[in-house]
Amino acid sequence: MRLILCALTLAAPLIMSCHGALLPRSSALDLALEWVKLALMQFNSHMPRALAEAEAAGLRGETPVGAVVSAPDGTVLAAAGNRVRELADPTAHAEILVIRAAAAHLGSERLTGCTLTVTLEPCAMCAGAIAHARIARLFYGADDPKGGGVAHGARVFAQPTCNHRPEVYGEIDATRSAALLRQFFAARRGMVAGEGNGR
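Here the structure is a predicted model, which is why all the values come from computation and not from measurement. (Residues numbered from 1 in each chain as written. Predicted model: local features only at pLDDT ≥ 70, side-chain atom pairs only at ≥ 80, totals over all residues. Heavy atoms only, no water.)

(A) A look at the pairing of strand S1 (residues 66–70). By the criterion of burial, S1 is predominantly enclosed, with five of the five residues buried. Side chains of S1 alternate between two faces, with Gly66, Val68 and Ser70 and Ala67 and Val69 buried alike. By the bridge criterion, five bridges tie S1 to strand S2 (residues 76–81) in an arrangement that is antiparallel. Within the sheet, the bridge partner assigned to Val68 lies in S2 and is Ala79. Taking the residues between adjacent antiparallel strands as the criterion, S1 and S2 are bridged by five residues, where Gly74 takes a positive phi near 95°. (Buried < 20%, exposed > 50% of the residue type's maximum accessible area, 1.4 Å probe, protein only. Helix = DSSP H or I, 4+ residues; strand = E, 2+ residues; numbered from the N terminus. Pairing = 2+ DSSP bridges.)

(B) How the structure looks around unusual backbone geometry. Phi at Arg134 is positive, roughly 60°, even though this residue is not glycine. Following the sequence through the fold, Arg134 ends up in the loop between helix H6 (124–132) and strand S4 (137–142). We note that Glu171 has phi near 60°; this positive angle belongs to a residue other than glycine. Relative to the elements of secondary structure, Glu171 occurs in the loop between strand S5 (167–169) and helix H7 (174–189). Using a relative accessible area of 40% as the deciding quantity, one classes Glu171 as partly exposed.

(C) Representation of the packing of helix H5 (residues 94–106) against H6. Running from amino to carboxyl end, H5 crosses H6 at an angle of 20°, the nearest separation of the two axes being 9 Å. In terms of orientation, H5 lies roughly parallel with respect to H6. Two packed elements cross with a definite hand, and for H5 against H6 that hand is left-handed. Contacts from Glu95, Ile96 and Ile99 in H5 reach Met125, Cys126, Ala129 and Ile130 in H6. Partitioned by chemical class, the residues of the contact of H5 with H6 number six nonpolar, no polar and one charged. (Axes fitted to C-alpha atoms, helices over the stretch in contact; angles between N-to-C directions. Parallel < 35°, antiparallel > 145°, perpendicular 65-115°, else oblique. Left-handed = near helix turned anticlockwise from the far one by under 90°. Contact = heavy atoms within 4.5 Å. Nonpolar A, V, L, I, M, F, W, Y, C, P; charged D, E, K, R; others polar.)

If you want it as structure tokens, here you go:
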């Protein structure tokens, strides 16, 4: 249901533009429904890839978070999992890695029209990078009440000083994302499953 609502939200500007162009209502609706189908197809192809990157990160001993940046047409520009320990770099979160790779691929610091899909709510650092990159849409999996910076904590995009606010869609395939994190921390730290997320 959440996916359908996301797709309808994305399709709303198209429906309005069709109405403004005085297309017959049936034509406008058909066009909008086709666009919704296309949007869902494109979206559905990215969270599984992000989850695969998260699983690979966990196998490397990294906190299992994965991310994908896709172009406006849905083409994947970059995919990565956390590499904080491997690179000895506290900024090597999955989101930062894919933003860097996508920007290098496009030859631009602005990822206008692009979408970032990530398995965990971005922290304040990553949310800031998303804003600076001018990413159009953010889809994320599990909420992160302790370390998140979008729906929790700093709520970066809600601040008046934030220079760009992407469309945000949370809790996409959240159950799988959260399960990866719980399993990882239970195995690594002897934590009781379900005690929380974090990096």
